[in-house]
Amino acid sequence: AASYDQASGVLGRAMQFGIPVVARRDREAAASAALMPRDKQPKVALVWSQFAACHADRCIALARRLEGRARVVAVEVATTSHDYADFPPSGETGGADKRTLFPGRSFDEVSRWRRFTATLSAVKGCRIVCIGVPYNLLEFVLLAWVLRLRGRQVVLRTRANAFHLT
């Protein structure tokens, strides 16, 4: 499993699955080129328990990078969580399709089964699913297995950055 704390992990997977990734210097040229119709674009999902500002920024950056080539689905399991109790709920996610599965609820209040089934449903049709929920939660280990069995590429966050260690 790769870490998606760095954009290169997700972008590398996108290229591996045939999703063209355009470098910043080539954006103007890509904008004038014929882009794939939105309903035909492959989908890439980013999943977190709750979005803080840093998560929304990552969704926005990836949506901009893959614009016209892939749709980004930003999945926030719940509006709040114990881990991000000191952070306000996030706002918009730019060009990403934001889906809050349990709005107004805490991640910690929702049962494991409900988190599993709702997240599985939210990422239906996504070619690549990047999971940023701690992988010690069994429902997300099960989610990764089920997605792999369905032929999806799964990227698990395998390390915390300094932001998460404070």
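Before reading further, recall that the structure is shown in the block above.
In this text, all values refer to a predicted model and were calculated from it rather than measured experimentally. (Residues numbered from 1 in each chain as written. Predicted model: local features only at pLDDT ≥ 70, side-chain atom pairs only at ≥ 80, totals over all residues. Heavy atoms only, no water.)

Another aspect to go through is the sheet that holds strand 2 (residues 71-80). Read from one edge of the open sheet, five strands run 3-2-1-4-5, paired in parallel fashion. Edge positions in the sheet fall to strand 3 (97-106) and strand 5 (153-156), since each has one partner strand and no second. Each adjacent strand pair in this sheet contributes to an overall mean axis angle of 15 degrees, direction not counted. Alignment of strand 2 against strand 3, held across six bridges, turns out to be parallel. Looking at the pairing, Val75 lines up with Arg99 of strand 3. With respect to the sheet, helix 4 (residues 112-122) is in contact with strand 1 (43-48), strand 2 and strand 3, its orientation differing from that of strand 3 by roughly 165 degrees. (Pairing = 2+ DSSP bridges. Helix = DSSP H or I, 4+ residues; strand = E, 2+ residues; numbered from the N terminus. Axes fitted to C-alpha atoms, helices over the stretch in contact; angles between N-to-C directions. Contact = heavy atoms within 4.5 Å.)

Let us now look at the side chain of Thr119. Within the fold, Thr119 resides in helix 4. Excluding residues that lie within four positions of it along the chain, Thr119 makes contacts with Val47, Val77, Leu101, Phe140 and Leu143.

Tallied over the full model, the rule gives three aromatic pairs. Relative to Phe51, the ring of Trp48 lies with its centre 5.6 Å away and its plane at 80 degrees, an arrangement referred to as edge-to-face. Here Trp48 matches Phe51 in class, with each residue buried. On the numbers, 5.5 Å between centres and 35 degrees between planes, the contact of Trp113 with Phe116 is tilted. Remark: Phe116 and Trp113 occur in helix 4; sequence separation between them is three residues, near one turn of the helix. What makes Phe116 buried here is its relative accessible area of 8%. The ring of Phe107 has Arg115 lying over it, and the distance from NZ or CZ to the ring centre is 4.2 Å. (Phe/Tyr/Trp six-rings, centres within 6.5 Å; stacked < 30°, edge-to-face > 60°. Buried < 20%, exposed > 50% of the residue type's maximum accessible area, 1.4 Å probe, protein only. Lys NZ or Arg CZ within 6 Å of the ring centre and 35° of its normal.)

Where burial is concerned, the two faces of strand 5 agree: the one with Gln153 and Val155 and the one with Val154 and Leu156 are both buried. Note: strand 4 (residues 126-131) against strand 5, four bridges, orientation parallel. Its bridge partner being in strand 5, Ile128 is matched across the sheet by Gln153. You can see the chain leave strand 4, run along helix 5 (residues 138-149) and come back into strand 5, and the turn it takes is right-handed. (Right-handed = clockwise from strand over helix to strand, strands pointing away.)

Val47, Val123, Val129, Ile131 and Phe140 are the most contacted members of the largest nonpolar core, which has 26 residues in total. Taken together, the elements giving at least two residues each to this core come down to strand 1, strand 2, helix 4, strand 4, helix 5 and strand 5. Ranked by residue count, the leading element in this core is helix 5, at five residues. For Val129, the contacting residues outside a window of four places in its chain are Ala45, Val47, Val123, Leu147, Gln153, Val154 and Val155. Within the second largest apolar cluster, 15 residues are counted, among which are Trp48, Cys59, Ala63 and Cys130. (Core = buried A, V, L, I, M, F, W, Y, C linked by side-chain atoms within 4.5 Å.)

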